[in-house]
Amino acid sequence: MLAQDESSLIAEIKSSFNNSRIPGNVLERLVYFCRSFSIEPDALFIKWETHAMSQKIDGTPTTLSQLEPLHDQLRKEALEKKSKGLKPFQTAKFPENGLPAGSTFDQYSLDNILSSPRSSRVRVRDMNSNNDAFGSPSKTIRTSTPQTPTKTDGTVFNSAVLMTPESKQSNGIPSNLSTATPSTPIPAFTQQFADRQNRANKDEVYNSHVPGILSSGAKEDTRAEISLLPKQQLKGYRYMFEKLSEKANVLNSRIDEIANILADHIKSTLSDEDQQEIEWENPGIPHQENIYVVGRICNESDDDVRMNPESIMLQCSPENGNGVRIKLDLEAYMRENDTFALFPGQIVAIQGMSPTGKCLFVSKIFYPPYPDPQTTSLQQLVEFYPSYGNANAKPLNIFVAAGPYTLEDSLKYEPFEDFVLNVEKEHPDVVILLGPFIDSRHPMIDSGKFPPEDQVNPSYLPEDLFKNQISTRVERIRKCRNGTTRCILIPSTRDIVSEWMTIPQPPIGTGMTEDATQFRKTQCGLYSQQFLSKQVELSNPVLLFSNPVQFLVNEVVFAASNCDVLRYLGNKEMAKQAQAVSMQSQQPVGSGVMDRMQRLYHYVLEQRSFYPLFPGVKEQGGGIDVERMGAIELQAAPDILICVSTLKSGVKVVNGCVCINPGSLAKGRSGGTFARLILHPLELTELIRQLKIDEEDVDVPHQVSARCRVEIERL
């Protein structure tokens, strides 16, 4: 017999488990198991012992996460008993004239009637009201037999369960089988997140020799001026209205633009004796000598099939090849070259022969050069960092995090809360948050379990969730360091609160008109009522940027993309790399190593585009709005490139550009990773002294890769 007294039950559990030192939270959970599933402590110990042997756990349970599989097993067994009718939970008395007033049929009662026409035993749901589900007065509902078989006490034979407000749960499980404790619910995944062992671990540190000075410990603030580069998609637009002719013109113009860059690049590689103007030929016309051709790499096979040497074609523009699409023969080129990399959408120049006009035999492939690195005038740098030479001068501290921000089984955003607590503790200068904020692929949203069960408002919208869980925490970030921490929000095509699932994607809260934009921002909590009433600008507003976006933090050029282009490029590329070298100069890069991740970042920089792949991937969603491809192109060579991807988080350096994948803040059932950047000012003491003497300004290279420290940190 199960002990009724709490202290007696605890003593029995300790005796059964042969351990008086069971942690308090674990002991509380075991008591809950006994109460909820009506199981004796000895029987519970036998079940635990069986589970522990299968999981190779020694001794008694020490953490709540060890008990979750056992909880699932007990719940499954209880549900099986319930479905077989082996353990009745509640019986109901019926009046002589039929069912109780205010009761309605549910799925189970209708099934019982259809399967057992002579049975009058019906499962009903008491609505505790005099009206039925449609608001009309309830009628007495009789079964097919005139009389209801009853026991001597007048109760119905218990072939089905009567669901009453006391026994009804939101998930349809009676209260004595509920997975929540009577006092404080402990969701399994949430508890696993709370019990994680790798909290604050450093997965990777780039430039570990560079000092990591926290903003909270600095004696003097550094100004962080943020500005956008031109051609960013800041307004809403109508997508899916592209005309084929306009789309073709944009794609051809892109080929011609890169063709001019390639012509200058090829000319610079020729010796003085071979100097000549590069003229692009039409490969559709037979040529018996080597010619130069420029175009976009295409995959002749289906778009879902990885490109191979037999399926590669080159699409020329009307201006530089009469719009011809021709097959490439790479057999000789692959024999002579250990390194090459091609993917659909890549724009390259090719030297080769086209003897029949139907196939181009490739002898050389030329890739676009990297864009020139950015420089800033010395006078401007002094304005950004007025304390040059001061021992108290500090670097810029920047946090970068990407969604999802909540666990698989929860919409309470526990990982995001932990991240905000880190921000409030360390006071960074800039916080960059990339979506998805309200993920359309979250299991609870994708399966239709929205609003959450604990939300009593039936009209609860995703915008309300954003307002309650995101905007409130963003406001806390904005108020750090006496309201001087800058916060940037960049959306994702998976954000359910964004109207755009194509790239370029306007900022969060954008509408087609100014009034629509203001309304959506108010819905999401990005405008306060005080702001709307006074119509005043905040001194430190939250910055809403597009996806992708390029912006400046002081002199440093940032580029951020949130469409997982790295994974898509990795799935589509055809690469051969016998030794890790540069695909442009065939010379070693840095230490002589260019691994796969560096190569994927290299594609973005080489093609000067956030999304060089064409056509877009179906999994991406709406794909690319080609008419607005200008907002997808790199407007300047970035010093720091942020590409959010499901591939492994980490830091790579390509041609002096620091490339970062911060990972996601929440990964399934536990916490993920975020990136921490420490950007030290340039050492300009000598240049400043020279400026005072010569009074002549100079342009200074940024050299960010040498003066920054990047940490990929576990939440």
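The following refers to the structure shown. Within any chain, residue numbers begin from 1 and follow the written order of that chain's sequence. For a predicted model such as this one, the threshold for reporting local features is a pLDDT of at least 70, and the threshold for listing and counting side-chain atom pairs is 80 or more; totals across whole chains, interfaces and linings nevertheless cover every residue. Hydrogens and water are ignored here; the side-chain numbers use all heavy atoms of the structure.

### Considerations on the side chain of S354
Helix and strand labels come from DSSP, where a helix needs a run of H or I of at least four residues and a strand needs a run of E of at least two; each type is numbered from the N terminus. Structurally, the position occupied by S354 is in strand β9 (residues 347-354). The classification of residues rests on relative accessible area computed with a 1.4 Å probe and restricted to protein chains. Under 20% of the type maximum is buried, over 50% is exposed, and intermediate values are partly exposed. You can call S354 buried: its relative accessible area is 0%. Two N or O atoms count as a polar contact when they lie within 3.5 Å, although within protein this holds only if one can serve as hydrogen donor and the other as acceptor, and sequence-adjacent residues are included solely when both atoms are side-chain atoms. Here P283 takes part through its backbone oxygen, which lies 2.7 Å from a polar atom of the side chain of S354. A polar contact of 3.3 Å, which involves the side chain of S354, links it to the backbone nitrogen of G357. Apart from the residues lying within four places of it in its own chain, the contact partners of S354 are P283, I285, P286, H287, I326, C359 and L360. A contact between two residues is defined here by any heavy atoms of the two lying within 4.5 Å.

### Topic: the pattern of salt bridges
The rule for a salt bridge is simple: a side-chain nitrogen of Lys or Arg has to be within 4 Å of a carboxyl oxygen of Asp or Glu. Applying the stated rule across the entire model yields 27 salt bridges. Ionic pairing is found between R476 and E417, a salt bridge with its closest N-O pair at 3.0 Å. Separated by 59 residues along the polypeptide, R476 in helix α13 (residues 462-478) and E417 in helix α11 (residues 414-426) bring together distant segments of the chain. Its relative accessible area of 21% is what places E417 among the partly exposed residues. In this structure, D564 engages R567 in a salt bridge whose closest nitrogen and oxygen atoms are separated by 3.0 Å. Residue classification places D564 among the buried residues on the basis of a relative accessible area of 10%. Given a relative accessible area of 18%, R567 falls into the buried group. Via salt bridges that share partners, K202, E426, R676, R709, E711 and E713 belong to a single interconnected network.

### Description of unusual backbone geometry
In the segment running from I503 into P504, the intervening peptide bond is cis, with an omega of 5 degrees. On the secondary structure map, P504 appears in the loop between β14 (486-490) and α15 (514-523). Note that the residue after F614, namely P615, is joined by a cis bond; omega there is 0 degrees. Structurally, P615 is set in the loop between α18 (596-607) and β19 (640-643). Not every positive phi belongs to a glycine, and N482 is a case in point at roughly 60 degrees.

### A look at the sheet that holds β9
The pairing criterion is simple: DSSP has to find at least two bridges between the two strands. What the five strands build is a closed barrel, ordered β5-β6-β7-β10-β9; its pairing is mixed. When strand polarity is set aside, the average angle formed by the axes of neighbouring strands in this sheet is 55 degrees. Angles shown run from 0 to 180 degrees and are taken between the N-to-C directions of axes, each axis being a line fitted to C-alpha atoms and, for helices, limited to the stretch in contact.

### A word on the sheet that holds strand β13 (residues 430-434)
Spatially, the seven strands line up as an open sheet ordered β3-β26-β24-β12-β13-β14-β15, and their pairing is mixed. Because the sheet does not close on itself, it has two edges, and the strands there are β3 (202-206) and β15 (543-544). As judged from the five bridges shared by β13 and β14, these two strands associate in the parallel manner. Opposite V431, over in β14, you have C487 as the bridge partner. α13 rests against β13 and β14 of the sheet, and its axis sits at about 150 degrees to β14.

### Observations regarding the packing of aromatic side chains
In this description, an aromatic ring pair is defined by two values, namely the gap between the centres and the angle between the planes. Ring pairs shown here join Phe, Tyr and Trp side chains whose ring centres sit within 6.5 Å, with only the six-membered ring taken for Trp; geometry is labelled stacked below 30 degrees between planes, edge-to-face above 60, and tilted in between. A complete count under the given rule lists 18 aromatic pairs for this structure. Summarising the aromatic geometry, the rings of Y32 and F37 are spaced 6.5 Å apart at their centres and angled 65 degrees between planes, so their arrangement reads as edge-to-face. For the ring pair F416 and F419, a centre distance of 6.4 Å and an interplane angle of 15 degrees mean the geometry is stacked. Placement of both F416 and F419 in helix α11 is noted, with a separation of three residues, approximately one turn of the helix.

### A closer look at the packing of helix α1 (residues 6-16) against helix α3 (residues 41-55)
Where α1 contacts α3, the axes come no closer than 9 Å and their chain directions differ by 40 degrees. What the angle tells us is that α1 and α3 run oblique. As α1 runs across α3, the sense of the crossing is right-handed. On α3, the residues touching L9, E12, I13 and S16 of α1 are P41, D42 and F45. By residue class, the composition of the contact of α1 with α3 is four nonpolar, one polar and two charged. Put simply, angles under 35 degrees are roughly parallel, angles over 145 are roughly antiparallel, angles from 65 to 115 are roughly perpendicular, and the rest are oblique. Handedness of a crossing is defined here by the sense of rotation of the near helix relative to the far one, left-handed for an anticlockwise turn of less than a right angle and right-handed for a clockwise turn. Under this grouping Gly is polar, as are all residues other than the nonpolar Ala, Val, Leu, Ile, Met, Phe, Trp, Tyr, Cys and Pro and the charged Asp, Glu, Lys and Arg.

### Description of the pairing of strand β10 (residues 359-366)
Pairing of strand β7 (residues 325-329) with β10 involves three bridges; the strand directions are parallel. Within β10, the position partnered with K327 by the bridge is C359. Hairpin connection of β9 to β10: four residues between the antiparallel strands, including G357 at a positive phi of 80 degrees.

### As for α18
Residue count minus one, scaled by 1.5 Å, sets the expected span of a helix. Taking 1.5 Å per residue as the helical rise, α18 with its 12 residues ought to reach 16 Å, and the 17 Å between its terminal C-alpha atoms agrees with that figure. Where α18 terminates, the next one or two residues include R608, which has phi positive at roughly 55 degrees.

### Thoughts on the side chain of H442
Mapped onto the fold, H442 is located in the loop between β13 and α12 (443-446). Accessibility expressed as a relative area gives 6% for H442, which makes it buried. At a separation of 2.7 Å, a polar atom in the side chain of H442 contacts the main-chain carbonyl oxygen of L407. Setting aside residues up to four positions removed in sequence, H442 forms contacts with T406, L407, E408, S410 and L411.

### Description of the nonpolar core
In this structure, I432, F558 and I640 are the most contacted members of the largest nonpolar core, which totals 35 residues. The leading source of residues in this core is strand β12 (residues 396-402), at four residues. If you look at the next biggest cluster of nonpolar residues, it comprises 34 residues, including V420, F466, C480 and F674. Among the buried residues, those of types Ala, Val, Leu, Ile, Met, Phe, Trp, Tyr and Cys that are joined through side-chain atoms within 4.5 Å form a nonpolar core.

### Brief notes about the environment of Q233
Turning to its location among the elements, Q233 is positioned in the loop between β4 (226-228) and α7 (244-269). C-alpha separation for the pair Q233 and S546, spaced 313 residues apart in sequence, amounts to 5.9 Å. Setting aside residues up to four positions removed in sequence, Q233 forms contacts with P504, Q505, P506, P507, S546, R628 and A631. Side-chain polar atoms of Q233 contact the backbone oxygen of K235, separated by 2.9 Å.

### Describing the packing of helix α17 (residues 565-572) against α18
For any two helices packed against each other, one specifies the inter-axial angle together with the distance between the axes. Following both chains from N to C, one finds α17 and α18 inclined at 105 degrees, their axes separated by 10 Å at the closest point. Here α17 lies roughly perpendicular to α18, going by the angle between them. On α18, the residues that touch V565, L566, L569 and G570 of α17 are R596, M597, L600, Y601, Y603 and V604. Here the contact of α17 with α18 is composed, by residue class, of eight nonpolar, one polar and one charged.

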